[in-house]
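Coordinates in review
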4 protein chains.
Amino acid sequence: MNKEKETLKHKTYVVIFGTHTNAGKIFDICLIIAIFISLLVLLLDSVSSINNQWSTTFQLLEYGFTCIFTIEYLIRLWCSPKPTSYAKSFYGVVDLLAILPTYLAIVFPSASFMGVIRLIRVLRIFRILKLVRYLQDSNILLRSLLMSRRKVFIFFSAVAILVTIFGALLFVIEGPEHGFTSIPQSIYWAIVTITTVGYGDLVPQTGLGKAVASVTMLLGYSILAVPTGIITAELHQEMNSHKSLVKCPNCMKNGHESDAMFCKHCGSELADPDNRVVPVENK
Amino acid sequence: MNKEKETLKHKTYVVIFGTHTNAGKIFDICLIIAIFISLLVLLLDSVSSINNQWSTTFQLLEYGFTCIFTIEYLIRLWCSPKPTSYAKSFYGVVDLLAILPTYLAIVFPSASFMGVIRLIRVLRIFRILKLVRYLQDSNILLRSLLMSRRKVFIFFSAVAILVTIFGALLFVIEGPEHGFTSIPQSIYWAIVTITTVGYGDLVPQTGLGKAVASVTMLLGYSILAVPTGIITAELHQEMNSHKSLVKCPNCMKNGHESDAMFCKHCGSELADPDNRVVPVENK
Amino acid sequence: MNKEKETLKHKTYVVIFGTHTNAGKIFDICLIIAIFISLLVLLLDSVSSINNQWSTTFQLLEYGFTCIFTIEYLIRLWCSPKPTSYAKSFYGVVDLLAILPTYLAIVFPSASFMGVIRLIRVLRIFRILKLVRYLQDSNILLRSLLMSRRKVFIFFSAVAILVTIFGALLFVIEGPEHGFTSIPQSIYWAIVTITTVGYGDLVPQTGLGKAVASVTMLLGYSILAVPTGIITAELHQEMNSHKSLVKCPNCMKNGHESDAMFCKHCGSELADPDNRVVPVENK
Amino acid sequence: MNKEKETLKHKTYVVIFGTHTNAGKIFDICLIIAIFISLLVLLLDSVSSINNQWSTTFQLLEYGFTCIFTIEYLIRLWCSPKPTSYAKSFYGVVDLLAILPTYLAIVFPSASFMGVIRLIRVLRIFRILKLVRYLQDSNILLRSLLMSRRKVFIFFSAVAILVTIFGALLFVIEGPEHGFTSIPQSIYWAIVTITTVGYGDLVPQTGLGKAVASVTMLLGYSILAVPTGIITAELHQEMNSHKSLVKCPNCMKNGHESDAMFCKHCGSELADPDNRVVPVENK
């Protein structure tokens, strides 16, 4: 009987963690739908005009979804071959965080100040991270970012230095009377400007301030080119190294275009491009 | 006589659908001019100061253009070898949509609420899609986008997750008293910020809110690099594969620069670059 | 004597049009300084607080500079081997436009409405185009842009279509009561949004309007990647084809890095990189 | 004894200027922490609500840090083999600038106008430049920028010309009554627009002004692509030339991928990628 239980455990594992069986696919689709509806309930719940009317329905739906996600979490814990390592993994923590806030809100119902309740409620929005599980092909992008992490770090350090200096300059030039009340506030202005967001809630008003602001903008404009350049060059290398991995099954020669249908050396058919790309990117 | 009719039908088909005959070119130019004037009438019609003065003229012009486009649509239906497949195609639907709104406005003249009439009138602006027919060389761009559709999808999912989390954070930090009245509203703020649009109609006002907003901006700044990198790398591959398609007609060797005039191996003249690019892109 | 005159004419031509002689370099530097001071006078002249005090000085300086540029223009006409083709060339027209506005202001001093006088005065700012003459190395950039002109045209057509459709959508959704008074006005909003400028003078205020605006922003965000991709890919090709033009003077092999000092095949010294790049780019 | 002193001097030199010994690493980490705390004190000092409460503490901390940095500067001067060349170097000047402002504020305590004191205080923020010392890997980025300095200069000249012309156009079209009070002011507007910052403190209000502004935006949108293209192409070349430097220690063949672990020709293990990249970038 223990063996049967083991078989059941393994079967459940394949359905819940795997994506290749039909049952696994159906389970995943149901879970994605549940996450989306639960997020929708959360979003609508925060709109006060809707909340006033549907408050009870939203509360019930929320309890229902928390129930479902709790059962899912427990089953995952039960059927996983190594429950502790699952619980400690990124997905394990995310799955736990997706249900915890609702229980916290039940435990501390009489929390005197609104802020805490709102915070706990909104924490449920991290449920969206449960969707990361389904972005499996993000590897190539992440790897490009990781391989250029040194350059990205240098870039952000350079931005931090520039933003501090220009913020301090504007603080001296414009002063508190034009809204630049402190250096942190002025650094906030410099970030808003150098990223070309430009809210306009804080703008230089003296001639000299406008001249320095113009330099900041043009600098931000050119600096924007650096991360783009870094990531493009990395991605290009990634893609090239992938392209050369498309091997002809007949003559074993590499270097085929990623949309090639036939080997350019011997003419035998290559694997279907759409299917071929996936395993390569997951490698 | 039936045969003659068939010949006329085919001749009309060549003129209307084709672009190689002189008559076909003249027809296309007339049609483009008609579309532009009809769009101009529509734009000016919406400016109330102009509308008050020219209302009747605009109405007449509009009926005229609808008449022309109706005749064009009927001729296309008549001379097309497969009328149903034309009617169901993208261009068929667009051609129908370009005339339908005017007829709808005639059928429901006494529509009690303004909104519907305005909606029907403005729908005529989709007439601009009739111009898509003439953007034939957009293939290389579209193909680049299509080949990177998986990466673009992952990118947009990542943006959606980030925007939801940062929107919810700002909702908790700033609260309704600073304009962040609901999570959807705060997500709108996060999109405005992460895309570096920065309207400034909704800005963080607390110190913590500004700090989190700064992180959002810098993140948006770096993330902007990812789609650029993807599309650049794809376009680069596309162009390289095209370059190698420029074949010398004499020695049949590939790999010539896209602006090369003579084969670099045997010196014989290559096809004119400007003409050469077009068929390759249309392939 | 005629011959002497011819020699003088040719010498003047070398000094004024050429840049290789010492006298030619000094002439060019003086001209650049004159253009900059003349532009500075024009800029300060438009600031009313400064204008009130220095009005007469500015007027005299302006007459002085116009005099200098007139003499320069006449000498260029006189010493040019083909005066008519110079006068018709881009630089000839620019040189004429740089002096014309001042004479026009003298001829029509009693122009009754301010606008015309201001317009004529400000036209003098096109004097800045005289500086284009000194941006000789802009060839590689311009060629990249020209070679991708088809793609850039398609890109702008696509932007025009998107902007028209989204502008019309917002006009219907928001309506005149929220500032979207006409379709041209709404198209202006769509351009401000899709280019991520985001002034904030016109923002959607209904929920649906904000949702559609979010789509517009994310679209603008991704579309921004397309021209960058096009130009990067072109520039990359341009540079690669240039790199391969760096030929070893000894073994005549190509393909050296652009900063290489010695031939990587035979070890003989290559031309100085800084000098080498210029003639290649000017080719 | 003199020899012993020399040995001590050299040992101190290795600790303070070098980064390879353990003592050197500890010294660097302490210095980085001191710089960060000193910057934090400066930032908080400028926030008036915090300053009122902690003024004396901040003053004492500031004297303490200035003391530490003065001692550091003197030790560097003493142990450096060539004190004058250190004092004249970029880092020597930065180290001096990091301590000077505090002494200036002590010397001129009765400076009658606030501005000067604030200026001197804020100058201490340039202490952040002391961190540049630790951004050693920025070479590849800087080299890319330097190699494309000609193109970047041309790009900025083109932007300056465009901004001047469009600023002048808007000045004529909108005029002082809509906020475009002078040409410099209008050029500021053009920079804000062409860099897509878009504060919204100055917006065109006439129809024609909006049309010209739309052209400015679309131009800025496309021009943004140029520096990105330049830097991407340069970075790509830099990276490619680096990749080819990864040599197999066994068969001495080049051209390995930057993340390759084994030689693709003979299969012998390559140096660890993370360590390998650093020396190459520092080369």
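The shown structure was predicted, so the numbers you read here are calculated from the model rather than taken from an experiment. (Residues numbered from 1 in each chain as written. Chains lettered and ligands numbered in written order. Predicted model: local features only at pLDDT ≥ 70, side-chain atom pairs only at ≥ 80, totals over all residues. Heavy atoms only, no water.)

Quick notes on the overall build of chain A
Inclusion rule: For the purposes of this entry, the term helix denotes a DSSP run of H or I that reaches at least four residues, the term strand denotes a run of E that reaches at least two, and both are numbered from the N terminus. Partly exposed describes any residue whose relative accessible area lies between the buried limit of under 20% and the exposed limit of over 50%, with all areas from a 1.4 Å probe on protein chains only and scaled to the type maximum. Residue contacts are counted whenever heavy atoms from the two residues lie within 4.5 Å of one another. Note on areas: Shrake-Rupley with a 1.4 Å probe; residue coverage comes only from the protein chains shown.
Summing up its helical and strand segments, chain A has twelve helices and zero strands in all. When its helices and strands are written in sequence order, chain A yields α-α-α-α-α-α-α-α-α-α-α-α. By the burial criterion, 46% of the 283 residues in chain A qualify as buried. In chain A, the share of contacts with a sequence separation of at least 24, taken over all contacts with a separation of at least 6, comes to 53%. In the form shown here, chain A has an accessible surface area of approximately 13900 Å², with 68% of it arising from carbon and sulfur atoms.

Some words on the domain arrangement of chain A
Selection rule: As annotated, the domain borders come from an automatic or database domain assignment.
In terms of domains, chain A is made up of domain 1 (2-129) and domain 2 (145-243). Computed from C-alpha atoms alone, the centre-to-centre distance between domain 1 of chain A and domain 2 of chain A is 39 Å.

Observations concerning the interface of chain A and chain D
Going by this rule: As used here, buried area is the combined drop in accessible area, with a 1.4 Å probe, of two parts when they are placed together. Just to be clear on terms, a salt bridge is a Lys or Arg side-chain nitrogen sitting within 4 Å of an Asp or Glu carboxyl oxygen. Two N or O atoms form a polar contact when they lie within 3.5 Å of each other; inside protein one atom must be a possible hydrogen donor and the other a possible acceptor, and for residues adjacent in sequence the pair counts only when both atoms belong to side chains.
Across the boundary between the two partners, chain A contributes 50 residues, which contact 49 residues of chain D. The contact between chain A and chain D buries some 4400 Å² in all, and 73% of this surface belongs to carbon and sulfur atoms. Counting across the interface, chain A meets chain D through zero salt bridges. For the pair chain A and chain D, the interface holds four residue pairs in polar contact (both at pLDDT 80 or more). When residues of the side of chain A that touches chain D are traced back to their parent elements, those giving at least two are α7 (139-147), α8 (149-174), α9 (183-194), α10 (207-223) and α11 (225-243) of chain A.

Considerations on the packing of aromatic side chains
Residue and element names in this part refer to chain D. Formally: Pairing of aromatic side chains here covers Phe, Tyr and the six-membered ring of Trp, requires ring centres within 6.5 Å, and sorts the geometry by plane angle: under 30 degrees stacked, over 60 edge-to-face, intermediate tilted.
What the rule picks out here adds up to 23 aromatic pairs over all chains. Centre to centre, the rings of Y73 and Y86 are 6.2 Å apart; their planes meet at 45°, and the pair counts as tilted. On the criterion of sequence distance, the pair formed by Y73 in helix α3 (residues 48-79) and Y86 in helix α4 (residues 83-88) is long-range, its members being 13 residues apart. Judged by relative accessible area, which is 6%, Y86 ranks as buried. Each ring, one from F155 and one from F156, has its centre 5.4 Å from the other, and the planes form 65°; the classification is edge-to-face.

With respect to helix α3 (residues 48-79) of chain C
Going by this rule: A residue's bend is the angle separating two fitted axes: one through the seven residues that end there, the other through the seven that start there.
Where α3(C) bends most, the angle comes to about 85°, and this point is W54(C). Among all positions in α3(C), only N51(C), F58(C), E62(C), F65(C), T66(C), F69(C), T70(C), E72(C), Y73(C), R76(C) and C79(C) are buried.

Focus: the pattern of salt bridges
Taken as a whole, this structure holds eight salt bridges over all chains when the rule is applied. Taking the shortest distance from any N to any O, the salt bridge between R76(A) and D95(A) comes out at 3.7 Å. Of this pair, R76(A) sits in helix α3 (residues 48-79) while D95(A) sits in helix α5 (residues 90-107), and the two are 19 residues apart along the sequence. Take R76(A): its relative accessible area is 0%, and that puts it in the buried class. Across the pair R76(C) and E72(C) runs a salt bridge, and its minimum N-O distance is 2.7 Å. Of this pair, R76(C) and E72(C) both sit in helix α3, four residues apart, which is roughly one turn of the helix. On the basis of relative accessibility, which here comes to 5%, the residue E72(C) falls in the buried class. Shared partners join several salt bridges into a network, and the residues in it are E72(A), R76(A) and D95(A).

A few points about the UniProt feature "transmembrane region" (unreviewed entry) in chain A
Residue and element names in this part refer to chain A. Worth spelling out the cut-off: UniProt positions are given in the numbering used here, feature names are shortened, and annotations may be inferred rather than shown by experiment.
The UniProt feature table records "transmembrane region" (unreviewed entry) at residues 26-48, 98-120, 152-173 and 211-233. Regarding residues 26-48, the helix share stands at 91% and the strand share at 0%, and the terminal C-alpha atoms are separated by 35 Å. As a span, residues 152-173 carries 100% helix and 0% strand, and end to end its C-alpha atoms are 31 Å apart.

Quick word on the confidence of the model for chain A
All names here are of chain A. To keep things clear, this is the line we draw: Within a predicted model, pLDDT stands for the predictor's per-residue confidence, ranging from 0 to 100.
When pLDDT is averaged across chain A, the result is 77; 76% of the residues are at 70 or more. Taking the mean pLDDT of every element in chain A, the minimum, 38, falls on helix α12 (residues 273-282) and the maximum, 93, on α9. Between residues 255-260, whose pLDDT stays under 50, and residues either more than four places distant or in other chains, the model counts 27 contacts. With pLDDT under 50 throughout, residues 272-283 is counted as low confidence; its partners more than four residues away or in other chains account for 26 contacts.

Structural notes on the environment of E6(D)
Within the secondary structure, E6(D) sits in helix α1 (residues 2-17). C-alpha of E6(D) to C-alpha of S38(D): the two residues are 32 residues apart in sequence and 33 Å apart in space.

As for unusual backbone geometry
In this structure, T196(B) is a non-glycine residue whose phi angle is positive, near 60°. The class of T196(B) is buried, set by a relative accessible area of 3%.

Regarding the packing of helix α2 (residues 22-45) of chain A against α3(A)
In a packed pair of helices, the relevant descriptors are the angle between the two axes and the axis-to-axis distance. Residue and element names in this part refer to chain A. Operational definition: Axis angles are defined between N-to-C directions and span 0 to 180 degrees, where every axis is a line fitted to C-alpha atoms and, for a helix, only to the segment in contact. Note on convention: near helix rotated counterclockwise from far helix by under a right angle means a left-handed crossing. Clockwise means right-handed. Basically, the charged four are Asp, Glu, Lys and Arg, the nonpolar ten are Ala, Val, Leu, Ile, Met, Phe, Trp, Tyr, Cys and Pro, and anything else, Gly included, counts as polar.
At a closest axis distance of 9 Å, the pairing of α2 and α3 adopts a crossing angle of 150°. α3 is crossed by α2, and the crossing has left-handed handedness. The residues of α3 that touch α2, namely those facing F27, L31, A34, I35, I37, S38, V41, L44 and D45, are I50, N51, F58, L61, F65, F69, E72 and R76. Partitioned by chemical class, the residues of the contact of α2 with α3 number twelve nonpolar, two polar and three charged.

Some thoughts on helix α9 (residues 183-194) of chain C
Residues and elements named next belong to chain C. Rule in force here: Here the expected length of a helix is defined as 1.5 Å per residue gap, with one fewer gap than residues.
Between its first and last C-alpha atoms α9 spans 16 Å; for twelve residues at 1.5 Å apiece the expected length is 16 Å, and the two agree. Taken as a whole, α9 has its buried residues at I183, Q185, S186, I187, Y188, W189, A190, I191, V192, T193 and I194. A positive phi of about 60° marks T196, the residue just after α9.

Some words on the side chain of T12(C)
Residues and elements named next belong to chain C. Position of T12 among the secondary structure elements: in helix α1 (residues 2-17). At 2.6 Å, the side chain of T12 and the backbone oxygen of L8 are in polar contact. Once you skip the residues sitting within four places of it in the chain, T12 turns out to touch I75, W78 and C79.

Overview of the relation of the copies chain A and chain D
We count it as follows: Least-squares superposition aligns the copies on the C-alpha atoms of those residues with pLDDT at or above 70 in both.
Once chain A has been moved 0.0 Å along the axis and rotated by 90°, it coincides with chain D to within an RMSD of 0.0 Å. Both chain copies can therefore be described as sitting about a four-fold axis.

A look at the side chain of T196(C)
Looking at the element boundaries, T196(C) is found in the loop between α9 and α10 (207-223). When near neighbours in sequence (up to four residues on either side) are disregarded, T196(C) contacts T196(A), T195(B), T196(B), V197(B) and T196(D).

Here we look at the packing of α9(A) against helix α2 (residues 22-46) of chain D
The test is simple: By definition in this entry, angles of less than 35 degrees are roughly parallel, angles greater than 145 are roughly antiparallel, angles of 65 to 115 are roughly perpendicular, and the rest are oblique.
Running from N to C, α9(A) and α2(D) cross one another at 100°; their axes reach a closest spacing of 7 Å. Between α9(A) and α2(D), the interaxial angle falls into the category roughly perpendicular. In this structure, α9(A) uses I183(A), P184(A) and I187(A) to contact α2(D), whose residues at the interface are L42(D), L43(D) and S46(D). Residues belonging to the contact of α9(A) with α2(D) are distributed by class as follows: five nonpolar, one polar and no charged.

Some details on the state of the cysteines
All names here are of chain A. Inclusion rule: Cysteine sulfur atoms that come within 2.5 Å of each other are treated as a disulfide pair.
Using the criterion set out here, one finds zero disulfides over all chains in the structure. Here C30 stays free of any disulfide, with the sulfur of C67 as its closest cysteine sulfur at 16 Å. A relative accessible area of 46% places C30 in the partly exposed class.

Structural notes on the environment of L44(B)
All names here are of chain B. Among the secondary structure elements, L44 is positioned in helix α2 (residues 22-45). L44 gets classed as partly exposed once you look at its relative accessible area, which sits at 31%. Note: C-alpha distance between L44 and S55 (eleven residues apart in sequence) is 10.0 Å. The contact partners of L44, leaving out residues within four places of it in the chain, are I50, N51 and F58.

Here we look at the environment of H20(D)
All names here are of chain D. Take H20: it is sitting in the loop between α1 and α2. We classify H20 as exposed; its relative accessible area is 74%. Sequence separation of H20 and Y199 is 179 residues, and the distance between their C-alpha atoms is 48 Å.

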